[in-house]
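Remarks on the overall topology
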Amino acid sequence: MLTAESSDARWTAFLAHDASARFIVAVKTTGIYCRPACPARRPNRENVEFFDSPLQAAAAGYRACKRCRPDEPSADGPLVGRLKSLVRAGGRVTEGDLASIGVDPSTARRNFKKATGQTFAGWQRAFRNRNAANALSAATFDSPLGRMTAIVGDDALLMLNFVDSKYTPAVGAKIAKRFGVGDTLAEIIEHSDDKLHPILRQTRQQIDEYFTGTRQHFDIPLDPPELPFNRLAWEALINIPYGEVRSYGQQARAIGRPTAFRAVARANATNLIAIILPCHRVVGSNGTLTGYAGGLHRKQWLLEHERAVLAKSQS
Ligand SMILES: [Zn+2]
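About the thresholds
Residues take numbers from 1 onward in each chain, read along the sequence in its written order. Since the coordinates come from a predicted model, pLDDT governs what is reported: local features require at least 70, and pairs of side-chain atoms require 80 or more to be given and counted, while whole-chain, interface and lining totals use all residues. A residue is called partly exposed when the number of other C-beta atoms within 10 Å of its own lies between 12 and 20, exposed at 12 or fewer, and buried at 20 or more, with C-beta atoms placed from the backbone. Each helix corresponds to a stretch of at least 4 residues labelled H or I by DSSP, and each strand to a stretch of at least 2 residues labelled E; elements are numbered beginning at the N terminus. DSSP calls a pair of strands paired once it identifies at least 2 bridges connecting them. A set of buried residues drawn from Ala, Val, Leu, Ile, Met, Phe, Trp, Tyr and Cys, joined through C-beta atoms within 7 Å, is what defines a nonpolar core. In this description, any two residues whose backbone-derived C-beta atoms lie within 7 Å of each other are considered to be in contact.

A look at the pairing of strand β6 (residues 148-153)
Taking burial as the measure, the six residues of β6 include six buried ones, the bulk of the element. Two elements, strand β5 (residues 137-141) and β6, share five bridges in a ladder whose sense is antiparallel. Counterpart to T140 in the pairing with β6 is T149. Where β5 hands over to β6, the hairpin turn is made up of six residues, of which G146 adopts a positive phi near 115°. Sheet analysis places β6 next to strand β7 (residues 156-162), joined by six bridges and oriented antiparallel. Of the residues in β7, the one forming a bridge with I151 is M159.

Quick look at the structure:
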């Protein structure tokens, strides 16, 4: 049961449209429950009932409001989202930085506290500590085939993929969770150029060289898969010579498991490191391109690029 006092505090927060309040308001006359910050008109106090969670309000027979959507995770709002991405992009954000992009520091602090329940300075500190302690960092760079994101953790390259590839957000989120830095790819810190992790720097440089045709083999520390089968499939991938293609069947035979071509295809499909682990060199037994997480046009481009580089070096 709520005490009269906490009920009073909730009523006050509700009247103030307090976005940091973490309870649910239900309105007896409409049968609807809201977030305290809902823009809807305030009902009379005797018609209001407070709950600790949307679930409790629903259990009491109320329906969720369509304006403030109390069942959905709360959105941070544009300013708070922008503040968080500034920190992710640059590490420390000072009042001078805020002023230089036209954001009033005291408004920023107030809104941040209201939306997240944490101070902006405290959130920044916690963010830096999490990232420093776990040594996880990301970099995004351009390539002739579109922007790529690389993630380094535990001093190995964990992911390299095209930004718009269908697995990139999910894989990034999984890595962020594994290292305890957050729930999304966006929460992995991207350091400025001068503080870039050496492996990210190497990756960017070697990928550049690959695209200009001056590099055929990579020299980047990778984090091998835990499953022995995936590790074998992975090594067989690295062993496909530059400019050549193999079928899933050939790959299965290469690891001494001739009937396991479907498992090889699955292991390839979960490849987290595009280009460096050259899953683009695996095609259907009839020579068709089959699939590629980054899109078939990229697979085609990579294969043609490698053949052209080889043809040039042999002429
Ligand atoms: Zn509402």
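Having put the structure on the table, let's press on.
Some words on the nonpolar core
Ranked by size, the top nonpolar core spans 45 residues in total, and within it A150, I151, M159, L160, I188 and I273 carry the most contacts. Elements represented by at least two residues in this core include exactly β5, β6, β7, α7 (168-178), α8 (198-212), α9 (228-238), α10 (248-254) and α11 (261-269). Once residues lying within four places of it in the same chain are set aside, the contact partners of M159 are A150, I151, V171, G172, I175, L272 and I273. Of all hydrophobic cores here, the second largest spans 14 residues; its members include V27, Y33, C34 and F51.

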